[in-house]
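The primary structure of each chain is shown beneath.
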Amino acid sequence: MQDFDYAAPISTNDAVRLLSDPSQKSVVLAGGTDILVLLRERRRRATLVVDVKKIAELNELAMTAEGGLFLGAAVSCSRIYREAAIAQNYSALVDAVKIIGGWQIQSRATVGGNLCNASPAADSIPPLAIYDAVAEIATHSGRRQMPVAEFCTGVCKNVLARGELLVAIIFPPHPKLSGAAYQRFIPRNEMDIAVANAASYLELDKAGKIQKARIVLGAVAPTAVRASAAEESLVGQEPNEELFAIAGELAQQAASPIDDMRGTVEYRQHLCSVLSRRTLTIAAERAAANK
Amino acid sequence: MAKKQLITATINGEQREFACEPRQSLLEALRDGLQLTGAKEGCNNGNCGACTVLLDGEPVVSCLVLAVEAEGAEIETVEGIAAGGKLQPLQQCFLEGAALQCGVCTPGFLMTTKALLDRIPHPSEEEIRFQLAGNLCRCTGYDKIVRAVQAAAEGEQT
């Protein structure tokens, strides 16, 4: 492993100060499941590793005053899926964190890190996007917030400038008659990178018709993509399999995947259709059950 | 070169101090600094699970933990699970069920299984396979391992 110094600040301000130091090439260490591999393989260089796990705010996992969820950037995946209230209210997020790596990885890996790492195939990003979650970022001049959907700017690229730190991801409240789901396709049964993935969110009105729909696809473009035409096809309709099949067909048009050893363009497009349909079906069941 | 740091952690129930460089992994500190060679280096990038130890009760791959992160932590390695020279029933089940061949993956499997049985005393076969998916074995195949875990859960020895 390359040589570096290590700091474990206990406040966000101290972390930002360390990350802004122009004499250092610093990186953030949360769960470390991506960054330590990159450092070891010399795909990233650092002279200072800033461990943010001792900062109380980044470890917070709590409901907000508005009834949403405050997810600190250093909260591990296994902590998230052990909270019954999160499983009930943000089920698509829980669908994802349960399958990020194996148990050993889930004990350490964080959703904040998954977002900052900005892999096109990241499991947690489509669920964050369908919930309209917001990223809270600490900078040397204060705080800023932005939609998670705009956080990643390309393959392994994000909006964070030097000295900026992702503090938390904030989810809006979970309305009644809403439900969501996440699925991915991998060749193994567990522990693999998505060939394609999809998250869907549905909100029903009292008559049972779809009021709001969101579908976000991953691993089929440089960043997660919203399937807007498919979403529009659902609004005002009664949820059923036929409708979801049509939405799936429309969703695959939003994908612009690459060909690689995991799958061809056509295969990935087909998967977008299947995964959209399946996640919509589960989202509709969960929405109907959430009275 | 970054200065060595002195770390204090509880390892297998005993308070230990060790010096390490910030760049050293917990796996390196355990094996090279503390002579606890039970955890094995397999892939060294978090894929194989051979270096699994319990960190504050959670299974982690010690190749992806910096030793300096272990300050104040409680760590359990495979050396800590047998008591008084007697194998733990789980180890006995692996042994008698021939749930190993070359043995490099075994300490990792034992630690993950220990964490699993602590949380779910009677896991289903699906739960066993899912929770042990982070541990790879390249020689035995998984059936004997799964059967050994089931035998341990049933309190039997195969």
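What counts, and where the lines are drawn
- Residues numbered from 1 in each chain as written.
- Chains lettered and ligands numbered in written order.
- Predicted model: local features only at pLDDT ≥ 70, side-chain atom pairs only at ≥ 80, totals over all residues.
- Heavy atoms only, no water.
- Helix = DSSP H or I, 4+ residues; strand = E, 2+ residues; numbered from the N terminus.
- Rg over C-alpha atoms; globule rule 2.2 N^0.38 Å.
- Buried < 20%, exposed > 50% of the residue type's maximum accessible area, 1.4 Å probe, protein only.
- Contact = heavy atoms within 4.5 Å.
- Areas by Shrake-Rupley, 256 points an atom, 1.4 Å probe, with all protein chains shown as cover.
- Pairing = 2+ DSSP bridges.
- UniProt positions renumbered as here; feature names shortened; annotations may be inferred.
- Domains from an automatic or database assignment.
- Core = buried A, V, L, I, M, F, W, Y, C linked by side-chain atoms within 4.5 Å.
- Phe/Tyr/Trp six-rings, centres within 6.5 Å; stacked < 30°, edge-to-face > 60°.
- Buried area = accessible area lost by both parts, 1.4 Å probe.
- Salt bridge = Lys/Arg side-chain N within 4 Å of Asp/Glu carboxyl O.
- Polar contact = N/O pair within 3.5 Å; in protein donor to acceptor, adjacent residues only side chain to side chain.
- Nonpolar A, V, L, I, M, F, W, Y, C, P; charged D, E, K, R; others polar.

If you check an unreviewed UniProt entry, chain B appears there as Nicotinate dehydrogenase small FeS subunit from Blastopirellula retiformator.

An unreviewed UniProt entry annotates chain A as 6-hydroxypseudooxynicotine dehydrogenase complex subunit alpha originating from Blastopirellula retiformator.

K.L.:
Is there a simple way to think about the overall build of chain A in this case?
P.N.:
Looking only at helices and strands, chain A has eleven helices and 14 strands in total. For 291 residues, the compact-globule estimate of 2.2 N^0.38 gives 19 Å, and chain A sits close to it at 19 Å. In terms of overall dimensions, chain A has a C-alpha envelope of 60 × 45 × 30 Å along the principal axes. Across the 291 residues of chain A, 55% fall into the buried class. Partitioning the intrachain contacts of chain A with sequence separation of at least 6 by distance along the chain shows that 61% fall at a separation of at least 24. Looking at chain A as shown, the accessible area adds up to about 12,100 Å², and 51% of this sits on carbon and sulfur atoms.

K.L.:
What should I look at first to understand the sheet that holds strand S14 (residues 225–226) of chain A in this one?
P.N.:
Where strands meet in a sheet, backbone hydrogen bonds hold them as pairs that are either parallel or antiparallel. All names here are of chain A. Read from one edge of the open sheet, four strands run S11-S12-S13-S14, paired in antiparallel fashion. Of all the strands in the sheet, just strand S11 (178–185) and S14 have a single pairing partner and so form its edges. Alignment of strand S12 (residues 196–204) against strand S13 (residues 210–218), held across eight bridges, turns out to be antiparallel. Note on S13: the bridge partner recorded for Leu204 is Ile210.

K.L.:
Can you walk me through the UniProt feature "domain: FAD-binding PCMH-type" (unreviewed entry) in chain A in this structure?
P.N.:
The UniProt entry lists residues 1–176 of chain A under the feature "domain: FAD-binding PCMH-type" (unreviewed entry), expressed in the numbering used here. Along residues 1–176 of chain A, the helical share is 28% and the strand share 24%, with 50 Å between the first and last C-alpha atoms.

K.L.:
I would appreciate a short explanation of the domain arrangement of chain A in the present structure.
P.N.:
By a widely used convention, the size of an interface equals the accessible area lost when the partners come together. Domains assigned within chain A are domain 1 (5–51), domain 2 (57–171) and domain 3 (178–289). A C-alpha centroid distance of 36 Å is found between domain 1 of chain A and domain 3 of chain A.

K.L.:
What is the right way to read the pairing of strand S3 (residues 48–51) of chain A from this model?
P.N.:
Consecutive residues of a regular strand have side chains that alternate between opposite faces of the sheet. Residue and element names in this part refer to chain A. Of the two faces of S3, the one holding Leu48 and Val50 and the one holding Val49 and Asp51 are both buried throughout. Here strand S2 (residues 26–29) runs beside S3; their pairing, made up of four bridges, is parallel. Its bridge partner lying in S3, Leu29 is registered against Asp51.

K.L.:
Whenever I open this one, the nonpolar core confuses me. Can you help?
P.N.:
Judged by nonpolar contacts, the single largest core of 121 residues is most densely connected at A:Leu93, A:Leu115, A:Leu128, A:Tyr131, A:Phe171 and B:Phe94. The contact partners of A:Phe171, leaving out residues within four places of it in the chain, are A:Gly68, A:Leu69, A:Leu71, A:Tyr90, A:Leu93, A:Leu128, A:Tyr131 and A:Ala133.

K.L.:
Looking at this model, I keep getting lost on the packing of aromatic side chains. Mind explaining?
P.N.:
When we look at a pair of aromatic rings, we describe it by the centre distance and by the angle of the planes. Under the criterion given, the structure shown has six aromatic pairs over all chains. On the numbers, 5.3 Å between centres and 80 degrees between planes, the contact of A:Tyr90 with A:Tyr131 is edge-to-face. A residue pair is termed long-range when its members are at least 10 positions apart, and A:Tyr90 in the loop between helix H4 (84–89) and helix H5 (91–97) and A:Tyr131 in the loop between helix H8 (125–130) and strand S6 (134–139) qualify at 41 residues. In this pair, the class of A:Tyr90 matches that of A:Tyr131, namely buried. Arranged with centres 6.4 Å apart and planes meeting at 55 degrees, the rings of B:Phe109 and B:Tyr142 form a pair that is tilted.

K.L.:
Help me understand the side chain of A:Asp95 in this model?
P.N.:
By the element assignment, A:Asp95 lies in helix H5. Setting aside its immediate chain neighbours within four residues, A:Asp95 contacts A:Ala180, A:Ala181, A:Tyr182 and A:Arg286.

K.L.:
Where do I start with the interface of chain B and chain A in this structure?
P.N.:
Between chain B and chain A, the residue contacts involve 36 residues of the former and 30 residues of the latter. Across the chain B/chain A interface, buried area totals approximately 2,600 Å², and carbon plus sulfur atoms make up 57% of it. Looking at the side of chain B facing chain A, the largest losses of area belong to B:Arg23, B:Leu64 and B:Glu69, adding up to 24% of the total buried there. Applying the counting rule to chain B against chain A returns three salt bridges. B:Glu69 is the salt-bridge partner of A:Arg108, the closest N and O atoms lying 2.6 Å from each other. Seen at the junction of chain B and chain A, the total is twelve residue pairs in polar contact (both at pLDDT 80 or more). Taken together, the elements giving at least two residues each to the side of chain B that touches chain A come down to strand S3 (52–55), strand S4 (58–61), helix H3 (106–119) and helix H4 (125–131) of chain B. A class-by-class count of the residues in the side of chain B that touches chain A yields 17 nonpolar, twelve polar and seven charged.

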